[in-house]
Amino acid sequence: DAGVIQSPRHEVTEMGQEVTLRCKPISGHNSLFWYRQTMMRGLELLIYFNNNVPIDDSGMPEDRFSAKMPNASFSTLKIQPSEPRDSAVYFCASSLTTGAISYNEQFFGPGTRLTVL
Amino acid sequence: DQQVKQNSPSLSVQEGRISILNCDYTNSMFDYFLWYKKYPAEGPTFLISISSIKDKNEDGRFTVFLNKSAKHLSLHIVPSQPGDSAVYFCAASANYGQNFVFGPGTRLSVLP
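Note on numbering: residues in each chain are counted from 1, in written sequence order. To label them, take the chains in the order written and letter them from A, then take the ligands in the order written and number them from 1. Under the rules for a predicted model, residues below a pLDDT of 70 receive no local features and side-chain atom pairs below 80 are neither given nor counted, while totals for whole chains, interfaces and linings still include all residues. No hydrogens and no water enter the side-chain calculation; it runs on all heavy atoms of the structure.

(A) Quick look at unusual backbone geometry. Residue and element names in this part refer to chain A. In this chain, Ser 7 is followed by Pro 8 through a cis amide linkage whose omega measures -10°. Strands are runs of DSSP state E lasting at least two residues, helices are runs of H or I lasting at least four, and both sets are numbered from the N terminus onward. Tracing the backbone shows Pro 8 in the loop between β1 (5-7) and β2 (10-13). Of note, Asn 52 is a non-glycine position whose phi angle comes to about 75°, a positive value. The topology assignment puts Asn 52 in the loop between β5 (42-50) and β6 (53-56).

(B) Molecular detail of the sheet that holds strand β8 (residues 74-79) of chain A. Residues and elements named next belong to chain A. Only when DSSP finds a minimum of two bridges between them are two strands counted as paired. With antiparallel pairing, the four strands of this open sheet are ordered in space as β1-β3-β8-β7. Strands at the two margins of the open sheet, each flanked by one partner only, are β1 and β7 (65-71). With direction set aside, neighbouring strand axes in the sheet form an average angle of 15°. Examined bridge by bridge, strand β3 (residues 19-24) and β8 share five bridges and lie antiparallel to one another. Its bridge partner lying in β8, Leu 21 is registered against Leu 77. Note on method: axes are straight lines fitted to C-alpha atoms, helices fitted across the in-contact stretch only, with angles between N-to-C directions ranging 0 to 180 degrees.

(C) Representation of the layout of surface pockets. Empty space within the largest pocket amounts to approximately 650 Å³. As for the largest pocket, its lining consists of 31 residues, of which Gln37(A), Met39(A), Arg113(A), Lys38(B) and Arg107(B) are closest to the centre. Contributions of two or more residues to the lining of the largest pocket are made by β4 (31-38), β9 (88-95) and β11 (112-116) of chain A together with β9 (86-94) and β11 (106-111) of chain B. For the lining of the largest pocket, the element with the most residues is β11(A), which contributes four residues. Just so you know the grouping, Ala, Val, Leu, Ile, Met, Phe, Trp, Tyr, Cys and Pro go in nonpolar, Asp, Glu, Lys and Arg go in charged, and all remaining residues, Gly too, go in polar. Tallied by class, the residues present in the lining of the largest pocket amount to 14 nonpolar, 11 polar and six charged. Using a grid of 1 Å spacing that covers the protein atoms alone, one calls a set of points a cavity when a 1.4 Å probe fits there but cannot get out, and a pocket when the set is open and has protein on both sides within 12 Å along at least five of seven lines; lining residues are those with an atom within 4 Å of a point. Grid points are joined across faces, edges and corners, and a volume is the space filled by probe spheres set on the points. By volume, the second largest pocket is sized at about 420 Å³. What lines the second largest pocket is a set of 21 residues, and nearest its centre among them are Arg41(A), Leu43(A), Glu44(A), Val101(B) and Phe102(B). If you list the elements that add at least two residues to the lining of the second largest pocket, you get β5 of chain A together with β10 (101-102) of chain B. Of all the elements, β5(A) adds the most residues to the lining of the second largest pocket, at six residues. When its residues are assigned to classes, the lining of the second largest pocket shows 10 nonpolar, seven polar and four charged.

Here's what the structure looks like:
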């Protein structure tokens with residue numbers, strides 16, 4: 001398996017532009033997570049999905065951020081409009097969850113480094 | 001306020017010796033803990049986990065100890081190898097859930 005795939009690996013954009021980050025989870029995994037890593041705040045969970053349904057989006061910083069998972073093999077994280085403070089590395093992770101309790105580790109993608117000028 | 005703390009930003013250890021990475025947490029509801037390792041330009045990779053019903057879990061050179069009364073866990077790497085040089089994150093969740101809170105990480109350097 002190729003693991004979790006994220007694209008693009010690097011994105012440089014100007015303030016005010018729309019940014020879309022993409023993620024393909026590991027085949028067969030039913031949970032998907034979006035994280036953001038910054039120097040100031042470390043690794044933060046933004047949102048996660050179970051079986052394509054958003055379960056907890058309390059980590060999404062504000063309305064400029066939105067995430068979708070239209071099917072089991074694809075998810076997007078969109079920032080519109082982008083701001084310089086959104087500059088960070090964004091990670092997608094997936095796991096296999098059975099029942100209400102997850103003992104399984106999350107497998108991370110390589111991340112997308114976003115720079116907003 | 002940080003719920004998961006890793007108070008040592010960095011640690012240097014000689015090859016072959018023991019590396020001990022520490023993690024403290026404040027939320028008494030946390031009952032499941034993970035350690036991840038991260039190399040530059042890569043995503044974190046899972047190392048080892050421990051549930052609150054245990055106080056120790058071992059996997060090869062890696063052992064995690066959990067002291068629930070002190071809200072403290074530690075990762076021991078024995079013997080340390082240069083390939084272990086990376087940033088190590090401690091993560092915790094409550095109710096065995098999927099909403100993990102990560103610590104800020106400790107950068108381990110294993111010197112040959």
